[in-house]
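What the coordinates show
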Amino acid sequence: MMIEKMTEELLSECKESWQRFLNMRETNTSPDFFKEVKPYADAYHAKLAIWQAEVEKWIDLHKPKHVHKIQIKNAVDAMDQFIVQSFYQQTSRKRLYQSIQSVTYTLETLQRTLKKDDTDA
């Protein structure tokens, strides 16, 4: 299923964003916004838009108990922000970590619900 694969990819990006942030702090570097940050963020913005649309269709079809459209929208908004923020060492460590944890929780909840739905079928 496309949603499962994309959700796995987004979970991986959550981990990568945290590692990127730690590396930027450790190496004390700042990226070039137009060469590094913007192309990367734009690519993920497009992926997130596709994922959101697919998940919302799935929610309409299956009406899961523990996954709602507002959670998906909030996860997309947070990811759009923290992907960019992860490139900058000035970002609040605590806020970034909490945003990543929140999105990770939503993605993992969706994953469990998708797996449960597969076994129920």
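Structure first, text after, so check above.
Reading the values: rules and limits
Residues numbered from 1 in each chain as written. Predicted model: local features only at pLDDT ≥ 70, side-chain atom pairs only at ≥ 80, totals over all residues. Heavy atoms only, no water. Core = buried A, V, L, I, M, F, W, Y, C linked by side-chain atoms within 4.5 Å. Buried < 20%, exposed > 50% of the residue type's maximum accessible area, 1.4 Å probe, protein only. Helix = DSSP H or I, 4+ residues; strand = E, 2+ residues; numbered from the N terminus. Contact = heavy atoms within 4.5 Å. Expected span 1.5 Å × (residues − 1). Polar contact = N/O pair within 3.5 Å; in protein donor to acceptor, adjacent residues only side chain to side chain. Phe/Tyr/Trp six-rings, centres within 6.5 Å; stacked < 30°, edge-to-face > 60°. Salt bridge = Lys/Arg side-chain N within 4 Å of Asp/Glu carboxyl O.

**Thoughts on the nonpolar core**
Membership of the largest hydrophobic core comes to 27 residues, with the highest contact counts inside it found for Trp51, Met79, Phe82, Val103 and Leu110. Mapped onto this core, the elements with two or more residues apiece are α1 (2-27), α2 (33-62), α3 (69-85) and α4 (93-120). Apart from the residues lying within four places of it in its own chain, the contact partners of Met79 are Leu10, Glu13, Cys14, Leu48 and Val103.

**Structural notes on α2**
Under the 1.5 Å per step criterion, the end-to-end length of α2 is 40 Å for 30 residues, consistent within 8% with the ideal 44 Å. Of the residues making up α2, those classed as buried are Val37, Ala41, Tyr44, Leu48, Trp51, Gln52, Val55, Trp58 and Ile59. Two or three places before Phe34, at the start of α2, stands the capping residue Asp32, its side-chain oxygen 3.0 Å from that residue's backbone nitrogen. Positive backbone phi, at 45°, marks Lys63, one or two positions downstream of α2.

**Regarding the environment of Glu8**
Residue position: Glu8 is located in helix α1. Sequence spacing of Glu8 and Leu107 is 99 residues, and the spatial spacing of their C-alpha atoms is 8.1 Å. Within polar-contact distance, the side chain of Glu8 engages the side chain of Gln111 at 2.6 Å.

**Considerations on the side chain of Arg20**
Within the fold, Arg20 resides in helix α1. A polar contact of 3.0 Å, which involves the side chain of Arg20, links it to the side chain of Glu13. Residues in contact with Arg20, not counting those within four places in the same chain, are Glu13, Tyr40, Ile83, Ser86 and Phe87.

**Thoughts on the packing of aromatic side chains**
Aromatic ring pairs are described here by two measures, namely the spacing of the ring centres and the angle between the planes. Tallying each qualifying case throughout the model produces five aromatic pairs. Ring geometry for Trp18 and Phe21: centres 5.6 Å apart, planes at 35°, overall tilted. Placement of both Trp18 and Phe21 in helix α1 is noted, with a separation of three residues, approximately one turn of the helix. Of the residues examined, Trp18 reaches a relative accessible area of 15% and is grouped as buried. For Phe21, a relative accessible area of 0% translates into the label buried. Ring plane angle 65° and centroid distance 5.1 Å describe the contact between Trp18 and Tyr97, whose orientation is recorded as edge-to-face. Pair noted here: Trp18 is in helix α1 and Tyr97 is in helix α4, with a separation of 79 residues, a long-range link. When its relative accessible area of 40% is taken as the criterion, Tyr97 is described as partly exposed.

**Remarks on the pattern of salt bridges**
Within this structure, the stated rule accounts for six salt bridges. Close ionic contact of Lys57 with Glu54 constitutes a salt bridge, the shortest N to O distance being 3.3 Å. A residue pair is termed a helical-turn pair when its members lie 3 or 4 positions apart in one helix, as Lys57 and Glu54 do in helix α2 at three residues. When its relative accessible area of 24% is taken as the criterion, Glu54 is described as partly exposed. Here Lys73 and Asp77 are joined by a salt bridge, their closest N and O atoms 2.8 Å apart. Residue Lys73 and its partner Asp77 are both found in helix α3; the two are separated by four residues, about one turn of the helix. For Asp77, a relative accessible area of 33% corresponds to the partly exposed category.

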